[in-house]
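A look at the structure
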Amino acid sequence: RALETGRLAADAFLAQVAATTRGRYGAAQVEEAWCAILGDEIPGMAELVHDAKEAGLSVILFSDTSPIHYQALLRKLSFAAVLDGAVLSFDVGSTKPSSAMFEAVEQQYCRGGVPRLYVDDKMANIRAARKRGWAAYRFGDPDGARGALVAALAEGPMTIRVQGMQGPLERA
């Protein structure tokens, strides 16, 4: 977790892993292999993000990630250009479900308040969000997240985090 929490620099990580291969692989090859573990964009997520933007929401990446994976995600996600910001574990120095990650979202994107809706596939993150007073929905697929988004929009200002490589959506 040192890489994902910013305690280990990306170049140091790549050099350490390359060194363990005794010269067989260089840093660039290690980085390519490290990024190969990222899955493909979930079908339907780009449309969900674009629909959220059309509804006047900001889309923020909220992720436990390393600088290496973050750069790869920006290249890989078809909707990366419409992201309005990010709360990233390597910047915060902690991973979800730590309070530091949730506090960063509240401070940076909720003006000190709490999100109206939080969607995640990990129950530990859902429980942490609920402890903070956030309404939380467990992600299953983009259609379910779309239903949660529509319901939350009907209730007024909100923020939504959708697993699938994008994050909180905040009403502007």
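In case you missed it, the structure is sitting above this.
About the thresholds
- Residues numbered from 1 in each chain as written.
- Predicted model: local features only at pLDDT ≥ 70, side-chain atom pairs only at ≥ 80, totals over all residues.
- Heavy atoms only, no water.
- Helix = DSSP H or I, 4+ residues; strand = E, 2+ residues; numbered from the N terminus.
- Buried < 20%, exposed > 50% of the residue type's maximum accessible area, 1.4 Å probe, protein only.
- Axes fitted to C-alpha atoms, helices over the stretch in contact; angles between N-to-C directions.
- Parallel < 35°, antiparallel > 145°, perpendicular 65-115°, else oblique.
- Left-handed = near helix turned anticlockwise from the far one by under 90°.
- Contact = heavy atoms within 4.5 Å.

1. Describing unusual backbone geometry
It is generally the case that most residues other than glycine have a negative phi and that most peptide bonds are trans. Look at the link from Lys96 to Pro97: it is a cis peptide, with omega at 15 degrees. Relative to the elements of secondary structure, Pro97 occurs in the loop between helix H5 (89-92) and helix H6 (99-109). We note that Arg22 has phi near 55 degrees; this positive angle belongs to a residue other than glycine. The residue Arg22 is located in the loop between helix H1 (10-20) and helix H2 (27-35) in this model. Judged by its relative accessible area of 80%, Arg22 falls in the exposed class.

2. Notes on the packing of helix H3 (residues 45-54) against helix H8 (residues 142-155)
Where H3 contacts H8, the two axes come as close as 9 Å, and the packing angle between them is 15 degrees. By the angle class used here, H3 and H8 are roughly parallel. Viewed along their axes, H3 and H8 form a crossing whose handedness is right-handed. Along its contact with H3, which presents Met45, Glu47, Leu48, Asp51 and Ala52, the element H8 presents Pro142, Ala145, Arg146 and Leu149.

Honestly, it's all geometry; don't read function into it.
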